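Topology and contacts: notes
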Amino acid sequence: MTWSEMQPLLSQACWDTLYMVGWSTLIAVAGGLPLGILLVLTDRGGLLQNVVAQKVLGQVVNIARSMPFIILMVALMGFTRWITGTTIGREAAIVPLAIGAVPFFARLVETAVREVDGGLVEAVQAMGGNTWTIVRKVLVPESLPSLIASTTTTVVALIGYSAMAGTVGAGGLGDIAIRYGYQRFETELMWITVAILAVVISLIQFAGDYAARSLHRRDGRSGPAPRLRLVKADAASSETA
């Protein structure tokens, strides 16, 4: 196979992979961020302590995380068909990709939020801040560098999942590697696909690490005291209003 024949295949496969991973990441962040925060808030000693709810949520997340993606994809075929009308193609692949990524990201969020200094939370509580204020002004901003790193890890994992999804007709680079590289013995095309995946993952990891380090350095310069003053000023302005 010549390069002129490979180029349109690879271009479409790259776009399909980015499309699947992009939408799956958005859904994973939208679902996993509140779920991860809720796991912390409902834990013993949390702001919304509810041990039963926390245990149930934790078990659901653990079960979903423990299931291999290829099995999850097959198990969700009926649900995928109900949502998208088909089980083949990039739109269909987004459903299992997103469902598999939500609990994965939620656990990373839980770990990131638990690292926030409890003294800062107590200080905001002493100022009269409610749970929503603490989440919005303390937990999320303070854990943002770790959340960026968690998002990067999730994106990299989703790229691997999308390659597996290609084995059942989801499209993307995984489909090219299987259909042409393996089944048609186009070894050169398969290795080009592997190289593209390696470059894409490296670029995403570099961008995520750079963003996380930049936020961490900025937070390190600001320190907790200025942030407390900012929260206090917001609370004072709210009371005045």
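The structure displayed is predicted, hence computed values, not measured ones.

Reading the values: the criteria
- Residues numbered from 1 in each chain as written.
- Predicted model: local features only at pLDDT ≥ 70, side-chain atom pairs only at ≥ 80, totals over all residues.
- Heavy atoms only, no water.
- Salt bridge = Lys/Arg side-chain N within 4 Å of Asp/Glu carboxyl O.
- Helix = DSSP H or I, 4+ residues; strand = E, 2+ residues; numbered from the N terminus.
- Buried < 20%, exposed > 50% of the residue type's maximum accessible area, 1.4 Å probe, protein only.
- Axes fitted to C-alpha atoms, helices over the stretch in contact; angles between N-to-C directions.
- Parallel < 35°, antiparallel > 145°, perpendicular 65-115°, else oblique.
- Contact = heavy atoms within 4.5 Å.
- Nonpolar A, V, L, I, M, F, W, Y, C, P; charged D, E, K, R; others polar.
- Core = buried A, V, L, I, M, F, W, Y, C linked by side-chain atoms within 4.5 Å.

Scanning all chains against the criterion turns up five salt bridges. Across the salt bridge formed by glutamate 110 and arginine 114, the nearest N and O atoms sit 2.8 Å from each other. You can see glutamate 110 and its partner arginine 114 sitting in helix 5 (residues 90-114), four residues apart, about one turn around the helix. Under the relative-accessibility criterion, glutamate 110 is labelled buried at 8%. Through salt bridges with shared partners, a single network forms among Asp43, Arg107, Glu110 and Arg114.

What follows covers the packing of helix 7 (residues 131-142) against helix 8 (residues 144-165). Packed helices, taken two at a time, are described by their axes: the angle between them and the distance between them. Packing of helix 7 against helix 8 leaves a shortest axis separation of 5 Å and a crossing angle of 55°. Accordingly, the angle class assigned to the pair helix 7 and helix 8 is oblique. On helix 8, the residues that touch Val140, Pro141 and Glu142 of helix 7 are Leu144, Pro145 and Leu147. Tallied by class, residues from the contact of helix 7 with helix 8 come to five nonpolar, no polar and one charged.

Looking now at the nonpolar core. Formed by 25 residues in total, the largest nonpolar core has its most connected members in Met20, Phe69, Ala93, Leu97, Ala165, Ile176 and Leu189. Put simply, the parts of the chain that give this core at least two residues each are helix 1 (3-41), helix 3 (69-75), helix 5, helix 8, helix 9 (173-182) and helix 10 (187-222). At seven residues, the largest contribution of residues to this core is made by helix 1. Every residue in contact with phenylalanine 69, bar those within four places of it in the chain, is listed here: Pro96, Leu97, Tyr161, Met164 and Ala165. Counting 16 residues, the second-largest nonpolar core is a separate cluster that includes Phe105, Val113, Val135 and Leu147.

Between helix 2 (residues 51-66) and helix 5, the least distance of the axes is 8 Å, while the angle of their chain directions is 130°. One finds that helix 2 runs oblique with respect to helix 5. From helix 2, Gln54, Gly58, Val61, Asn62, Ala64 and Arg65 reach across to helix 5, where they touch Pro103, Phe104, Arg107, Glu110 and Arg114. Its residues assigned to classes, the contact of helix 2 with helix 5 shows four nonpolar, three polar and four charged.

Position of threonine 193 relative to the elements: it lies in helix 10. Judged by its relative accessible area of 1%, threonine 193 falls in the buried class. Once residues lying within four places of it in the same chain are set aside, the contact partners of threonine 193 are Leu10, Leu173, Ile176 and Ala177.

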